[in-house]
Amino acid sequence: MTQGKGNGGSLLPSNVTAWTRAPLELTRRAAEDIPLLPSQDHITLVSLAALTGLLAGLAAELLRVLVRLFGVLMFSPGSLWELATDRGSPMSQRFDAEWPKVDTHFMVVGLSTALLMFAWGYYRDHRNGVPEGHRSRSHQLGIAVGAAALAHGVLQVLVAAADAVTPGHSGLLSVFQHTPWWGLCGVALVGGVAVGVLAHYLTDARGEGVPIVMKSVALKSGAMRTRSGPIFAGTAGLTVASMGSVGLEGPVLVFGAASASGLGQALGLSRDRLRVLVAAGAAAGISAGFNAPIAGALFALEIVVGDFALATFSPVVIASVVGTVVHRSIEGDFPVFAGVDFVMKSSYEIWLYIPLGLLCGAVGTLFVRSVESISSRFQRLTSGVPNFLQPAIGLLAICLMAVALGRYEVLGSGYDTLQNLLNNRLTATVVGVILIAKIAATSLTLASGGVGGVFFPSLMIGASAGSLFGAGAQQLLGDRIASPASYAIVGMGAVLTAVQHAPLTAVVMVFELCNDYNIILPLLVACILSTLVATRALGMSIYQRVLKREGIVLSRGKEQNLLRSIKVSEAMRTEICKVQQST
């Protein structure tokens, strides 16, 4: 075979080179137009999303354990003192038993990574002559990773202490039940005043969690003050420890989003990338709170940003996964509601989930209407009361209601109560009382200025409604259908989607909470019908309704909301150039 002439020494024949030159040129141009590898900016964004997931996961676990410890401190301070001083007490023995479970591998790997990043950043800064006050991103990220690794170790010690003073990973329900009524009222007053004072002097300790992040993403491209996260989450934890009927998932979401926003602003990210990073922080907060990585990502994409583009999807998923890994490194790889089994005795039973979905849609609508109506009425009744005292009034009223009913399940976030509902440990009469009282308690907590979310209360209200429906159906059909617990599981998702108008998130969330695929078909039926009822009755989700009262309608698009947020006085020009008539 002879070499081609004029081909620069090519070993291919001239005719072969001529035939292949055009396809090779097209391939080269396609490779330039279609990048096969992610850009450096996208890699940086994904890396920051992973760090955000780490911080949000730590925040979720820290807030949960601090609520347990703070509740014990308020109701039984002697337990913590006994743990710290008496090495022979049962609590100290339980702490010694938990101590070997502390895993240091995560902390060692994190500190090693932080040291490498810090050293690399220092080397680059020194080589490039960067001034002391202007460190590179690697230098700053190394500090953040090192702090997170140390926080992970401290957090494991706090979890061991909480398990020692509240054995069996129990919540505060048993503490409430063994505290005299006057002690509960005293804690409600003290805690309510503390929440009111924080909200009075700190604007970051007010409002509702998810709408804060949605507003930031819609109007400010994710710009938030970093301090708003810990302040809001801390105030919410104080509200729950003081028996406020709210959830902690919304505050953790705010913490994750605010941390991501502060990190992105410190590193000078663009507005579009900052918006994505905030969504990643929100996803990590939800996934770490529920050990549900898929649902956390869907929540951020479906509710917070409303965008499923690939550029948004990948950082959000990475952050959600990292947040879940942090949760499992501390709590273990177990579903939130482990041991709950869904049963459907025959395929014909699927028809019962149609009326259940309609019922849950009505219950979710009632819950949203109750939150709004009680809020307006409470403000009218307490118009002459100082703002910092209003949370104390609301928490005291909830406490007295629980004492009068003899049902302390309505106090706090309600994790223990929800576990009892899903295990058929409560009678239908008690479940009916809990359903009505929980709607009233959550509405009153938010109306009086308590800080927290509606995510977990929605799950508890839905489980109560589903359990009641299952008990009634079993009275009619007997043992031919499953127990009320199966209907309680589906009811959780159906009421949740009625409140949030996010059926996909609700379905995946309940599936991951229970880790049982058999629930998917009835859950889809109930959630879709519940969404149709709630959409018809409410028009939009509870979060969008909060924003609408502030003049922000997300359905109209980001551009219109930006224009609606600008006053005429801010946009008009007062200095104008005049033209004389004779010109």
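The structure presented is a predicted model; accordingly, all values stated were derived computationally and were not measured.

Outline the overall build of the protein chain, listing residues and values.
The helix and strand tally for the protein chain stands at 25 helices and zero strands. Taking as baseline every contact in the protein chain between residues at least 6 positions apart, the subset at least 24 positions apart corresponds to 79%. For the protein chain, the exposed area adds up to about 27200 Å²; of that, 63% sits on carbon and sulfur atoms.

Outline the pattern of salt bridges, listing residues and values.
Under the criterion given, the structure shown has four salt bridges. R549 is the salt-bridge partner of E372, the closest N and O atoms lying 3.3 Å from each other. Of this pair, E372 sits in helix α15 (residues 353-381) while R549 is found in the loop between α23 (542-548) and α24 (558-564), placing the two residues 177 residues apart along the sequence. Residues E409 and R407 are paired through a salt bridge, measuring 2.7 Å at the closest nitrogen-oxygen approach. Linked through salt bridges whose partners overlap, the residues forming this network are E372, R545 and R549.

Describe the side chain of Q500, naming the residues involved and giving the relevant values.
Here Q500 shows up in helix α20 (residues 484-500). Taking the relative accessible area as the measure of exposure, Q500 reaches 4% and is therefore buried. Within the structure, Q500 has its side chain in polar contact with the side chain of Y543 (distance 2.9 Å). Among all residues touching Q500, those that are not within four sequence positions of it are F299, I303, F455, S541 and Y543.

Tell me about α20, residues and numbers included.
Counted at 1.5 Å a residue, the expected span for α20 with its 17 residues is 24 Å, and the 24 Å between its end C-alpha atoms agrees. Of the residues trailing α20, H501 is marked for its positive phi of about 60 degrees.

Can you lay out the state of the cysteines for me, pointing to particular residues and giving the numbers?
On inspection of all chains with the given rule, the structure shows zero disulfides. C360 supplies the cysteine sulfur nearest to C527, a cysteine that is in no disulfide, at a spacing of 8.5 Å. Judged by relative accessible area, which is 0%, C527 ranks as buried.

How would you explain the packing of aromatic side chains if you had to name every residue and give the values?
Under the defined criterion, the tally for this structure stands at eight aromatic pairs. Look at Y415 and F456: their rings are 6.5 Å apart centre to centre, the planes differ by 40 degrees, and that puts the pair in the tilted class. Remark: F456 occurs in helix α19 (residues 455-477) and Y415 occurs in helix α17 (residues 415-422); sequence separation between them is 41 residues. Exposure remark for Y415: the relative accessible area of 30% places this residue in the partly exposed category. Take F456: its relative accessible area is 5%, and that puts it in the buried class. Consider the rings of F469 and Y487, whose centres lie 5.9 Å apart with planes at 55 degrees: the pair is tilted. Of this pair, F469 sits in helix α19 while Y487 sits in helix α20; the two residues are 18 residues apart in sequence, bridging distant segments of the chain. Here the two residues F469 and Y487 agree in accessibility, since each one is buried. Among the aromatic residues, those joined into a cluster by ring pairs are F290, F299, Y415, F455 and F456.

Residue-level account of the packing of α17 against α19, with values.
Helix-helix packing is characterised by the crossing angle of the two axes and by the distance between the axes. α19 packs onto α17 with a crossing angle of 25 degrees between their chain directions and a minimal axis gap of 10 Å. Taken together, α17 and α19 sit at an angle that is classed as roughly parallel. Note on packing geometry: the crossing formed by α17 with α19 is left-handed. Residue-level inspection shows Y415, T417, L418, L421 and L422 of α17 in contact with α19, the latter providing F456, L459, M460, A463 and S464. Counted by class, the contact of α17 with α19 contains eight nonpolar, two polar and no charged residues.

Describe α17, naming the residues involved and giving the relevant values.
Counting buried residues in α17 gives seven out of eight residues, a clear majority hidden from the surface. Those residues of α17 that sit buried are D416, T417, L418, Q419, N420, L421 and L422. Summarising the contacts, the buried residues of α17 are in contact with α7 (173-177), α18 (428-447), α19 and α20. Immediately downstream of α17, the backbone of N424 shows phi near 60 degrees, a positive value.

Please set out the packing of α20 against helix α22 (residues 520-538) residue by residue, giving values where relevant.
Their axes nearest at 8 Å, the elements α20 and α22 cross at an angle of 30 degrees. By the angle between their axes, α20 is roughly parallel relative to α22. The handedness of the crossing between α20 and α22 comes out as right-handed. Contacts between α20 and α22 pair V490, G493, A494, V495, T497 and A498 from the former with P522, L523, A526, C527, S530, T531, A534 and L538 from the latter. Counted by class, the contact of α20 with α22 contains ten nonpolar, four polar and no charged residues.

Now, about unusual backbone geometry: what can you tell me, with residues and values included?
The phi dihedral of M243 falls on the positive side, at around 75 degrees, and the residue is not glycine. As for its position among the elements, M243 is in the loop between α10 (228-241) and α11 (249-266). A relative accessible area of 0% places M243 in the buried class. With a phi angle near 60 degrees, H501 is a residue other than glycine that sits in the positive phi range. Relative to the assigned elements, H501 resides in the loop between α20 and α21 (503-514). For H501, a relative accessible area of 19% translates into the label buried.

Could you give an account of a nonpolar patch on the surface, naming the residues involved and the relevant values?
A contiguous nonpolar surface patch, about 360 Å² in accessible area, is contributed by V197, Y201, F388 and L389. Assignment of secondary structure puts L389 in the loop between α15 and α16 (390-405).

So what's going on with the side chain of T445? Which residues, and what values?
Take T445: it is sitting in helix α18. Owing to a relative accessible area of 0%, T445 belongs among the buried residues under this scheme. Among all residues touching T445, those that are not within four sequence positions of it are T239, G244, S245, V246, L395, I398 and G450.

Could you give an account of the confidence of the model for the protein chain, with specific residues and numbers?
When pLDDT is averaged along the protein chain, the result is 79; 79% of the residues meet or exceed 70. Taking the mean pLDDT of every element in the protein chain, the minimum, 52, falls on helix α1 (residues 14-33) and the maximum, 93, on α22. Residue range residues 1-12 is modelled with pLDDT below 50. Its contacts to residues more than four positions away, or to other chains, number 14 contacts.

About the thresholds
- Residues numbered from 1 in each chain as written.
- Predicted model: local features only at pLDDT ≥ 70, side-chain atom pairs only at ≥ 80, totals over all residues.
- Heavy atoms only, no water.
- Helix = DSSP H or I, 4+ residues; strand = E, 2+ residues; numbered from the N terminus.
- Contact = heavy atoms within 4.5 Å.
- Areas by Shrake-Rupley, 256 points an atom, 1.4 Å probe, with all protein chains shown as cover.
- Salt bridge = Lys/Arg side-chain N within 4 Å of Asp/Glu carboxyl O.
- Buried < 20%, exposed > 50% of the residue type's maximum accessible area, 1.4 Å probe, protein only.
- Polar contact = N/O pair within 3.5 Å; in protein donor to acceptor, adjacent residues only side chain to side chain.
- Expected span 1.5 Å × (residues − 1).
- Disulfide = S-S within 2.5 Å.
- Phe/Tyr/Trp six-rings, centres within 6.5 Å; stacked < 30°, edge-to-face > 60°.
- Axes fitted to C-alpha atoms, helices over the stretch in contact; angles between N-to-C directions.
- Parallel < 35°, antiparallel > 145°, perpendicular 65-115°, else oblique.
- Left-handed = near helix turned anticlockwise from the far one by under 90°.
- Nonpolar A, V, L, I, M, F, W, Y, C, P; charged D, E, K, R; others polar.
- Patch = residues over 30% accessible without salt bridge, like charges linked within 9 Å, V, L, I, M, F, W, Y side chains within 5 Å.
- pLDDT = per-residue confidence, 0-100.

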